[in-house]
Amino acid sequence: MSDVKFTVVGDAALQFRTSNANADQILTYVEKSEILDRGDDETELLVYWGNDEASFLAESYGYNIPSPILRDYNWPGLFTPFDHQKTTASFLASRRRAFCFNEAGTGKTSSVIWAADYLMSLGLIKRVLVVCPITIMYSAWQADVFKTAMHRSVGVAYGPAPKRKKILNGEYDFIVTNYDGVGILHEDIKNGEFDLIVVDEANAYKSTSTVRWKILAKLIKPETRLWMLTGTPASQSPLDAFGLARLVAPNRVPKYSTAWRDKVMNQITRFKWTAKPSARQLVFDALQPAIRFSKAECLDLPEVLYQTREVPLTPQAAKYYKGLKDEMLINAAGEQISAVNAAARLSKLLQVAGGAVYSDTKEVVEFDISPRLKALDEVLEETENKVLVFVPFTHTIDLVSRHLTNNGVTNEIINGAVSAGERQRIVNRFQTSDDPRVLVIQPQAASHGVTLTAADTIVFWSPVMSVETYLQCVARIDRVGQKNRMTVVHLQGSEVERRMYRMLQGKVDSHEKLVDLYKSEMEGSYE
């Protein structure tokens, strides 16, 4: 990024110094520009501050120039944008192709929506395609369009192919779909007049050999705007930068992946490669133009940010869930439901949604909960720091820990079966060593008195039954010693989970409403 310094003059022009060669080019291509002073090596210019001019200077010379969005836009929505969100929107609005590496929880979704809305207001784009994980299609993108640019329309193209096609071909300003949806809809997308494609969690496109990458690459025309978002670019290997760079800035990397590998990696043995000392800088240079704000840099953010990830029940889990509800309805016919009975039955439903339940013979029955596991993987990928996963049910804890281990994520378990001495040793290792990266915790076993500030992210696998337990879980990281802003993620796939999380955040104790919750779930009548 160029370090040219700009001064905004009269809210209408930009004054700056640049090399004589650059100045001559700018004077040729930018009609509204003039010389203020010319020396032997540098020229001081005055250039009209318009969107076309700002984009030309940013894209042609890499100048970190502010967009006139900062002057002209009224920033609609329910919330006032933070300074870093305005800066991010300004950066994107001035660039046809760009990366946004803002850390998870910094509000980059709204920044993108504002920037896109601004370009729409100028007539520069008509439609936006957002490609993202299933878990954030509704809770992040659709919800944020409603809250940020409520005058714009948004459709989520998800479900059976005919439904997806109908929504994509509808008159929506924003279309949101998942990665696989691009493959299903690629012909419709090609003809859908999308001027801007936004890819969230862009590491899904790090490999040029995948069908997913090849389909997206074919959809991107020379005039297509492309903004790619991830909080952890090339975090696992310098090789992961290649696919991203080939989409956004192909001139910054070699044409072939093997040439990039030879540039950033040293071959140790036939099958073992390690990163070269220069790899970090090479990756940085390849993944440009880019903007990044960490949570620590966003001083105007609240200390704790809350996120929701939708994790739909798989057909297998949904079938068992429905069957269990039907069985409960039969058994409860004419019965006066007590809070104790309601709690036990809700617990059973939560166990099914969470992935494992005890059968009548006391055996553990596990379900396909791939969407929930995938959501956990996404959260881990979005942060470079440590994470706590609170899992209410013992049998599900083993399932989660096994998944993490199989994926190479170091983790340890804290539950009621872990002795006090071993529990303290686990906590000490977590706080002082690189490993484990994740603690999988039964809430009742570590919700009081334990300091776990090495983590700045909490994932609630399922809602807990009391406000006190919920607040104490959050307090494991939100306490003295925490150096970062924190994120709390709710995973939810059933209506009872959604309602319980709302109650917990609203500090309405679930125990007080268990009978009402149970009856609503049985009747399917939520307000």
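**Regarding the confidence of the model for the protein**
Part 1 of the reasoning: For the protein, the average pLDDT comes to 89, and 91% of its residues sit at 70 or higher.
Part 2 of the reasoning: Segment residues 332-340: pLDDT under 50, and 13 contacts once partners within four positions in sequence are set aside and those in other chains are kept.

**Re the pairing of strand β17 (residues 386-390)**
Part 1 of the reasoning: With five of its five residues buried, β17 lies for the most part within the structure.
Part 2 of the reasoning: Side-chain alternation along β17 places Lys386, Leu388 and Phe390 on one buried face and Val387 and Val389 on a second face that is also buried.
Part 3 of the reasoning: When β17 meets strand β20 (residues 455-460), the two strands line up parallel, connected through five bridges. Bridge pairing links Val389 to Val459 in β20.

**A word on unusual backbone geometry**
Part 1 of the reasoning: Across the junction of Gln288 and Pro289, the peptide omega takes the value -5 degrees, indicating a cis bond.
Part 2 of the reasoning: Take Pro289: it is sitting in the loop between α13 (279-286) and β13 (290-291).
Part 3 of the reasoning: Backbone geometry at Glu193 places phi at a positive 55 degrees, although glycine is not the residue there.
Part 4 of the reasoning: Glu193 sits in the exposed class, given a relative accessible area of 56%.

**Considerations on the sheet that holds β20**
Part 1 of the reasoning: The strand order across the open sheet formed by six strands is β14-β21-β20-β17-β19-β18, and the pairing between neighbours is parallel. Either end of the sheet is taken by a strand with one partner, and the two such strands are β14 (304-310) and β18 (411-414). Across the sheet, the axes of successive neighbouring strands diverge by a mean angle of 20 degrees, strand direction being ignored.
Part 2 of the reasoning: As defined by bridge partners, β17 adjoins strand β19 (residues 438-441) across four bridges and the pair is classed as parallel. Within β19, the position partnered with Val389 by the bridge is Val440.

**Observations concerning the pattern of salt bridges**
Part 1 of the reasoning: Summed over all chains, the structure comprises 23 salt bridges.
Part 2 of the reasoning: As a salt-bridge pair, Asp37 and Arg17 come within 3.7 Å of each other at their nearest N and O atoms. One end of the pair, Asp37, is in strand β3 (residues 33-38); the other, Arg17, is in strand β2 (residues 13-19), with 20 residues separating them in the sequence.
Part 3 of the reasoning: Looking at Asp37, the relative accessible area reads 38%, which means it is partly exposed.
Part 4 of the reasoning: Glu412 serves as the salt-bridge partner of Arg429, at 2.9 Å between the closest nitrogen and oxygen. Pair noted here: Arg429 is in helix α18 (residues 420-432) and Glu412 is in strand β18, with a separation of 17 residues, a long-range link.
Part 5 of the reasoning: You can call Glu412 partly exposed: its relative accessible area is 21%.

Reading the values: the criteria
- Residues numbered from 1 in each chain as written.
- Predicted model: local features only at pLDDT ≥ 70, side-chain atom pairs only at ≥ 80, totals over all residues.
- Heavy atoms only, no water.
- pLDDT = per-residue confidence, 0-100.
- Contact = heavy atoms within 4.5 Å.
- Buried < 20%, exposed > 50% of the residue type's maximum accessible area, 1.4 Å probe, protein only.
- Helix = DSSP H or I, 4+ residues; strand = E, 2+ residues; numbered from the N terminus.
- Pairing = 2+ DSSP bridges.
- Axes fitted to C-alpha atoms, helices over the stretch in contact; angles between N-to-C directions.
- Salt bridge = Lys/Arg side-chain N within 4 Å of Asp/Glu carboxyl O.

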